[in-house]
Structure formats: C-alpha cells, structure tokens
Amino acid sequence: MPEGVDPASAGPLFCGGITVFNPLVQFDVSPSARVGVVGIGGLGHMALQFLNAWGCEVTAFTSSPTKREEALELGAHHTLDSRDADALAAAAGRFDLILSTVNVKLDWNGYLGTLKPKGRLHIVGATLEPLDIGAFSLILSQRSVSGSPVGSPVTIGKMLEFAARHDIAPVTEQFSFSKINDAITHLRSGKARYRLVLSH
C-alpha cells in the first residue's frame, strides 16, 4: 500500500475505485476531456475525484438535489439534472466521455445525444435491463458504447499511486464487526454514504 493511502478506508478503492479508474487508463482519456458521470453513489463519488485530479472538466448527472452540492465538493465542476429532458437536450454534443455508474434503466439515447462525435458512453454500473439504443445516433456521429470490469493488478497499482498523490479517498462510514447487523440495516435503508467499512 503506498504511503498516504489510509488502510482503514482503502478497501473500497480495490472495488469501486479501480472500476472507475480503469477506463481512464484503458481508453487513454485526455486530461482536457469533458466527462459526465451518471450516478453519484458508491462508484460515482470516486469517479468525480479521479476525473478531477486527472484534469478533466467534470459534470455530475444526478436526480437528487441533495447530492448536487456534495458532487461539487467531490470534484465536479458542473451538475446536470438527469431527469430534466430539456437540460439533456441543452447539453447536446458536449461530452467526450460519459461514465455510467448506475444499475437502473435510463434514457440512453438522451445521454448519447450529449456526446461529441466519436464520444463514448461507458458502462460500469451493472444495469440488468437491455440497453435501448438507436443505431443512427451511433452511426452518424461514430459514437461508441462500451463497458469494463475492475482493472488488472498493474492498473490497481497505478490507481493506488494516483490516489496517494492526489489525496483521493472513498467516503466511508465505519462499523465494527460486532455491529454488522446495524451496518446491513443501514445499507439496506439507502442512507449509506458511500461505502461501509467493517473493522475488526
């Protein structure tokens, strides 16, 4: 573990952290890229931090008014109401990359419309329903849709070094193992911010 990474809260970096960091390396994302992050939760809150430190102009897509201010504090430069069709339309052709961290069905064609020509919609959230995507939005602007799992051990090493250098850490709540039932109840309530860590 690199010096500067807190072992007490590092666990989520090995799951959510590497999941959102891997696409930056895999697709050689430019530091000048405009990137949107869909969903500010366990994955998205770390994506905002990594992308900001990478040098990107970051927009957080969120339907929660309470998360907008937090998204800005975590590294977003802008926020966009993901349930506002007019706001999506106004963002047409803005982004080089959209990173989706959610596990629900969305208006994927609306999000594709916010991509620049040759832009990419990248899925890391395990949505269970098929993606309903119009072919012409891909063909005419040469856009791409892709997905990825966690990264290789080498990429994990790069992620940890990057996190240490830029003081990136997951937002966690700590529970002792003796309170594991309380932790599970808290998680199921949907109130966890954003990762729960059990300590022995």
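Here, every reference points to the structure presented above.
Thresholds applied
Residues numbered from 1 in each chain as written. Predicted model: local features only at pLDDT ≥ 70, side-chain atom pairs only at ≥ 80, totals over all residues. Heavy atoms only, no water. Helix = DSSP H or I, 4+ residues; strand = E, 2+ residues; numbered from the N terminus. Rg over C-alpha atoms; globule rule 2.2 N^0.38 Å. Buried < 20%, exposed > 50% of the residue type's maximum accessible area, 1.4 Å probe, protein only. Contact = heavy atoms within 4.5 Å. Areas by Shrake-Rupley, 256 points an atom, 1.4 Å probe, with all protein chains shown as cover. Lys, Arg positive; Asp, Glu negative; His and termini not counted. Charge placed at Lys NZ, Arg CZ, Asp CG, Glu CD. Salt bridge = Lys/Arg side-chain N within 4 Å of Asp/Glu carboxyl O. Core = buried A, V, L, I, M, F, W, Y, C linked by side-chain atoms within 4.5 Å. Pairing = 2+ DSSP bridges. Axes fitted to C-alpha atoms, helices over the stretch in contact; angles between N-to-C directions. Parallel < 35°, antiparallel > 145°, perpendicular 65-115°, else oblique. Nonpolar A, V, L, I, M, F, W, Y, C, P; charged D, E, K, R; others polar.

Caption draft 1: Quick peek at the overall build of the protein chain. A tally of helices and strands in the protein chain yields eight helices and eight strands. For a compact globule of 200 residues, the expected C-alpha radius of gyration is about 16 Å, and the protein chain comes in at 17 Å, within 12% of that figure. When the backbone C-alpha atoms are referred to their principal axes, the protein chain occupies close to 55 × 35 × 30 Å. In the protein chain, buried positions account for 44% of the 200 residues. Taking the contacts inside the protein chain whose residues are at least 6 apart along the sequence as the reference set, 56% of them involve residues at least 24 apart. Summed over its atoms, the accessible surface of the protein chain is roughly 10200 Å², and 53% of this surface lies on carbon and sulfur atoms. On the protein chain, the mean spot of the 17 positive side-chain charges and the mean spot of the 18 negative ones are 4 Å from each other.

Caption draft 2: Fine view of the pattern of salt bridges. In total, this model carries three salt bridges according to the counting rule given. Note that Asp 81 and Arg 68 form a salt bridge whose closest N and O atoms lie 3.3 Å from each other. Within this pair, whereas Asp 81 is found in strand S3 (residues 78-81), its partner Arg 68 is found in helix H3 (residues 65-74), the two being separated by 13 residues in sequence. Judged by its relative accessible area of 28%, Arg 68 falls in the partly exposed class.

Caption draft 3: Main features of the nonpolar core. Grouped together as the largest cluster of nonpolar side chains are 35 residues, with contacts concentrated most on Leu 13, Val 20, Leu 48, Phe 50, Leu 51 and Met 159. Elements with a contribution of two residues or more to this core: helix H1 (16-26), strand S1 (34-38), helix H2 (44-54), strand S2 (57-62), H3, strand S4 (95-100) and helix H7 (153-166). Not counting residues up to four positions away in its chain, the partners in contact with Leu 48 are Val 37, Ile 40, Val 58, Ala 60, Ala 71, Leu 74, Gly 75 and Ala 76. In terms of nonpolar packing, the next biggest core, distinct from the first, is built from 14 residues, Val 38, Phe 61, Tyr 111 and Ile 123 among them.

Caption draft 4: Seen up close, the sheet that holds strand S6 (residues 144-147). Pairing in this open sheet of six strands is parallel, and the strands run S3-S2-S1-S4-S5-S6 from one edge to the other. Edge positions in the open sheet fall to S3 and S6, since each of these has one partner strand only. The mean inter-strand angle of the sheet, taken between neighbouring strand axes irrespective of direction, is 20°. Note that S2 and S3 share four bridges and pair parallel. Each residue of the ladder has a partner; that of Phe 61, found in S3, is Leu 80. Sheet contacts for H2: S1, S2 and S4; angle to S1, the most-contacted strand, approximately 170°.

Caption draft 5: Looking closely at the packing of H1 against H7. In contact at an axis separation of 10 Å, H1 and H7 are set at 100° when each is read in the N-to-C sense. In terms of axis orientation, H1 runs roughly perpendicular to H7. Between H1 and H7, the residues in contact are Gly 17, Ile 18, Phe 21, Asn 22 and Val 25 and Thr 155, Ile 156, Lys 158, Met 159 and Phe 162, respectively. Split by residue class, the contact of H1 with H7 holds six nonpolar, three polar and one charged.

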